[in-house]
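Here are the chains, one letter per residue:
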Amino acid sequence: MEDTSSARIRAADADRERVATAVQTAGSEGRLTLDEVEERLSRVYAARFTDELSALTADLPRPAPAPPGFPLSRAALRRHPALRVHLAVVAAVAVLVIARWAVLGAGFFWPVFPVFWLGVSLLVHARVRSVRGRAGAAVPY
């Protein structure tokens, strides 16, 4: 027979903070009274296992997932330094090809094609980074 107490997962500080935020949010929304919030918060910080944490938020609604926004935002650039590098490379190449076009005096604006595809590659890179970031996000208890 398997011992169920050894199969329990210990809660980390990040797990406790996530649940505490959910309890405080429920209190600020009026779903819990001040006494309930205080009681649950004391139980959150005393919890040793994740199943104890899940019991504290079982009667609360789950937060709605964030709607997907434009993948190339300032927040995405702050979270992913590789996007900043990619953006810098795209900008540098765009300046170089436009300068070459201007110096050579060609009539047809041919730099639009490489700049377009560099921009598409940047948007795809940002989209992949945003999807990977959401997939690895921790699940609130």
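As a reminder, the structure under discussion sits directly above these lines.
Residues numbered from 1 in each chain as written. Predicted model: local features only at pLDDT ≥ 70, side-chain atom pairs only at ≥ 80, totals over all residues. Heavy atoms only, no water.

K.L.:
I tried to follow the overall build of the protein on my own but got confused; where do I start?
P.N.:
Summing up its helical and strand segments, the protein has 6 helices and 0 strands in all. For the protein, the sequential pattern of α-helices and β-strands runs α-α-α-α-α-α. Every one of the 141 residues in the protein was classed for burial, and the buried ones make up 24%. Of the contacts made within the protein by residues no fewer than 6 positions apart, 67% connect residues no fewer than 24 positions apart. Counting every atom, the protein has about 10,000 Å² of accessible surface; 64% of that belongs to carbon and sulfur. (Helix = DSSP H or I, 4+ residues; strand = E, 2+ residues; numbered from the N terminus. Buried < 20%, exposed > 50% of the residue type's maximum accessible area, 1.4 Å probe, protein only. Contact = heavy atoms within 4.5 Å. Areas by Shrake-Rupley, 256 points an atom, 1.4 Å probe, with all protein chains shown as cover.)

K.L.:
Help me understand the pattern of salt bridges, please; the structure alone is not making it clear to me.
P.N.:
Between side chains of opposite charge, pairing is possible as soon as their charged atoms come close. Taken as a whole, this structure holds 7 salt bridges when the rule is applied. A salt bridge links Asp51 to Arg8; the nearest nitrogen and oxygen atoms lie 3.1 Å apart. One end of the pair, Asp51, is in helix α3 (residues 50-56); the other, Arg8, is in the segment before α1 (13-28), and 43 residues separate them in sequence. Taking the relative accessible area as the measure of exposure, Asp51 reaches 39% and is therefore partly exposed. Asp59 is paired through a salt bridge with Arg40; the nearest N and O atoms lie 2.8 Å apart. Here the residue Asp59 occupies a position in the loop between α3 and α4 (74-79), and Arg40 occupies one in helix α2 (residues 34-46), the gap between them amounting to 19 residues. On the basis of relative accessibility, which here comes to 52%, the residue Asp59 falls in the exposed class. A single salt-bridge network, built from bridges that share partners, covers Arg8, Asp51 and Glu52. (Salt bridge = Lys/Arg side-chain N within 4 Å of Asp/Glu carboxyl O.)

K.L.:
What is the right way to read α1 from this model?
P.N.:
For an α-helix, the turn length of 3.6 residues means that residues three or four places apart are oriented alike. Between its first and last C-alpha, α1 extends 22 Å over 16 residues, near the 22 Å set by a 1.5 Å rise per residue. Turning to α1, its buried residues number three or more, namely Asp15, Arg16, Val19, Ala20, Val23 and Ala26. Burial along α1 is one-sided: seen end-on, the buried residues are contained in an arc of 130°. Across α1 from its buried face, at more than 90 degrees, point the exposed residues Asp13 and Ser28. Contact partners of the buried residues in α1: α2 and α3. Among the residues trailing α1, Gly30 stands out with phi positive, at a value near 90°. (Expected span 1.5 Å × (residues − 1). Arc of directions from axis to C-beta.)

K.L.:
How should I be thinking about the packing of aromatic side chains in this particular structure?
P.N.:
Two aromatic rings are characterised by how far apart their centres lie and by the angle between their planes. Applying the stated criterion across every chain, the model contains 3 aromatic pairs. Aromatic side chains Trp101 and Phe109 sit 4.8 Å apart centroid to centroid with 90° between the ring planes, which places their arrangement in the edge-to-face category. Classification of Trp101 by relative accessible area gives partly exposed; the value is 23%. Taking the relative accessible area as the measure of exposure, Phe109 reaches 35% and is therefore partly exposed. With a centroid separation of 4.9 Å and 75° between ring planes, the pair formed by Phe116 and Trp117 is classed as edge-to-face. For Phe116, a relative accessible area of 47% translates into the label partly exposed. (Phe/Tyr/Trp six-rings, centres within 6.5 Å; stacked < 30°, edge-to-face > 60°.)

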